[in-house]
Amino acid sequence: MTTMENSKISKNVSRSIGRAKEKILQNLGKVDRTADEIFDEHVTNFNKQQYAATRLQKELNNYIRCIRACATANHALMEAVNEIYEPEWGDGKEHLNLNAQNCEMLWNDFAHRLAEQVLIPLNTYQGQFPEMRKKIEKRGRKLVDFDGERHSLQALQSNPRRAEAKLAKQRESLEGAKRTYEVLNTELHEELPGLYNSRIVFLVSAMSTLFASENIFHSESTKVYNELEGIVEGLARETAKGTLNFKSSNAILNNTVDSRKDGMFSKVSLVHKLFSLFGHSCLHESFDVVLRMGVV
């Protein structure tokens, strides 16, 4: 470790000890402290603003996670409904699939819109507070330094055996501490009210986007679920009237019946030909031949 680094550490330690001593004296009422009620009000507003933004950020993150979970649950539910809805029940299954896809798209779009258009701006807005908090804390430290230098000067001035050189040096230290404090104090007196007023602009933008997204999602979802309800109601009506068209089942049944008819016709034709060849006396033997051939 270099001499310069040692000197810097020693200076920081000495400064921390001086600040701690000054705070103890202030808390005990031994010395006064510089008061600024307007600044204190700015800090109170800042704390409320940061707390509100932090909570909104937390709840919005949770809300988006729940929306994504609902999207997953809805997808699984629509798959189950699609599985139980049989293809033979007319054209409803095709419409069911289409509306299920639309529903999934609405959920995903809703979550994406909130994440991109509300959460990201909120994170940017929230990102201002940590740096401002550091600046407020730095201003507090510089204020303690200023008060400490002021009290040191007062102590020297009240000492009848004071050295003028030491007094001059203390005045210089006080002026330096005062300048550093006043620069930060002036900046914060301008920045804190501006930050506090920005909450209205942010709230209007974020909440407008949030509520508009909610409105779009629920409006479009209502249309999809009306379509799904209509599909089920149509199935109920056709079932009640007995007009449900089991297309696939009827086709399979017709093909089976036609096949059996063709097979029976072939068997009868074969027996007829055998009868023509062998006559009535050989009819029983002819039928046995057909059986052995596995045709009947």
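Residues numbered from 1 in each chain as written. Predicted model: local features only at pLDDT ≥ 70, side-chain atom pairs only at ≥ 80, totals over all residues. Heavy atoms only, no water.

**Observations concerning the overall build of the protein**
Step number 1: When you go through the protein residue by residue, the secondary structure sums to 7 helices and 0 strands.
Step number 2: When the helices and strands of the protein are read in sequence order from the N terminus, they spell out α-α-α-α-α-α-α.
Step number 3: Classification of the 296 residues of the protein by burial places 28% in the buried group.
Step number 4: Total accessible area on the protein is roughly 20100 Å²; 57% of this is exposed by carbon and sulfur atoms. (Helix = DSSP H or I, 4+ residues; strand = E, 2+ residues; numbered from the N terminus. Buried < 20%, exposed > 50% of the residue type's maximum accessible area, 1.4 Å probe, protein only. Areas by Shrake-Rupley, 256 points an atom, 1.4 Å probe, with all protein chains shown as cover.)

**Concerning helix α3 (residues 92–126)**
Because an α-helix completes one turn every 3.6 residues, residues spaced three or four positions apart along the sequence face the same direction.
Step number 1: With 35 residues, α3 should cover 51 Å at 1.5 Å per step; its first-to-last C-alpha distance of 49 Å lies within 8% of that length.
Step number 2: L119 marks the point of greatest bend in α3, at about 30°, and the proline P121 comes within the next four residues. (Expected span 1.5 Å × (residues − 1). Bend = angle between axes of the 7 residues up to and from the residue.)

**Comments concerning the environment of F211**
Step number 1: Within the secondary structure layout, F211 lies in helix α5 (residues 164–241).
Step number 2: Relative accessible area serves as the criterion here: at 52%, F211 is assigned to the exposed category.
Step number 3: Separated by 97 residues in sequence, F211 and L114 have C-alpha atoms that sit 9.9 Å apart.

**Things to note about the packing of α3 against α5**
When two helices pack together, you describe them by how their axes are tilted relative to each other and by the distance separating the axes.
Step number 1: Relative orientation of the contacting elements α3 and α5 amounts to 175°, with a least axis distance of 10 Å. Classified by the angle between their axes, α3 and α5 sit roughly antiparallel to one another. (Axes fitted to C-alpha atoms, helices over the stretch in contact; angles between N-to-C directions. Parallel < 35°, antiparallel > 145°, perpendicular 65-115°, else oblique.)

**A short note on the confidence of the model for the protein**
Step number 1: In this model, the protein carries an average pLDDT of 82, and 77% of its residues clear a pLDDT of 70 or more.
Step number 2: Looking across the protein, the model is least confident in helix α6 (residues 247–278), with a mean pLDDT of 47, and most confident in helix α2 (residues 37–84), with 96.
Step number 3: Below pLDDT 50 for its whole length, residues 248–253 participates in 3 contacts with residues either more than four positions away or in separate chains. (pLDDT = per-residue confidence, 0-100. Contact = heavy atoms within 4.5 Å.)

**What to know about the nonpolar core**
Step number 1: Core analysis: the biggest nonpolar cluster contains 39 residues, and F46, L114, M132, I136 and L192 have the highest contact counts within it.
Step number 2: Sorting the residues of this core by element identifies α2, α3, α4 (128–157) and α5 as the ones contributing at least two each.
Step number 3: Among the elements that take part in this core, α3 stands out by supplying 13 residues, more than any other.
Step number 4: Beyond its immediate stretch of four places on either side in the chain, L192 contacts F39, H42, F46, M132 and I136.
Step number 5: One finds L143, F146, L153 and L174 within the second-largest nonpolar core, a separate group that totals 8 residues. (Core = buried A, V, L, I, M, F, W, Y, C linked by side-chain atoms within 4.5 Å.)

**Side note on the packing of α2 against α3**
Step number 1: Contact pair α2 / α3: the axes reach a minimum separation of 10 Å and the direction vectors enclose 165°. By the angle between their axes, α2 is roughly antiparallel relative to α3. Our pair here, α2 against α3, has a crossing hand that is left-handed.
Step number 2: Here the contact of α2 with α3 is built from residues that sort into 22 nonpolar, 12 polar and 3 charged. (Left-handed = near helix turned anticlockwise from the far one by under 90°. Nonpolar A, V, L, I, M, F, W, Y, C, P; charged D, E, K, R; others polar.)

**Topic: the side chain of D145**
Step number 1: Structurally, D145 can be placed in helix α4.
Step number 2: The class for D145 is buried, based on a relative accessible area of 18%.
Step number 3: Setting aside anything within four residues of it in sequence, one finds D145 in contact with R15, R19 and A177.

**Examining the pattern of salt bridges**
Step number 1: In total, this model carries 7 salt bridges according to the counting rule given.
Step number 2: The residue E131 makes a salt bridge to K134 at a minimum N-O spacing of 3.7 Å. Of the two residues, E131 and K134 are both situated in helix α4; the distance of 3 residues between them amounts to about one turn of the helix. In this pair, the class of E131 matches that of K134, namely exposed.
Step number 3: One salt bridge connects K135 with E191, and the closest N-O pair in it is separated by 3.0 Å. Here K135, found in helix α4, pairs with E191, found in helix α5; they are 56 residues apart in sequence, far enough to count as distant. (Salt bridge = Lys/Arg side-chain N within 4 Å of Asp/Glu carboxyl O.)

**A closer look at the packing of aromatic side chains**
Step number 1: One pass over the full model with this rule turns up 7 aromatic pairs.
Step number 2: Ring plane angle 10° and centroid distance 4.5 Å describe the contact between F110 and F217, whose orientation is recorded as stacked. With F110 in helix α3 and F217 in helix α5, this pair connects stretches of sequence that are 107 residues apart. Taken individually, F110 and F217 each receive the classification buried, so the pair is uniform in this respect.
Step number 3: Measuring from centroid to centroid gives 5.8 Å for F146 and Y181, while their planes differ by 5°, and the two rings are stacked. (Phe/Tyr/Trp six-rings, centres within 6.5 Å; stacked < 30°, edge-to-face > 60°.)

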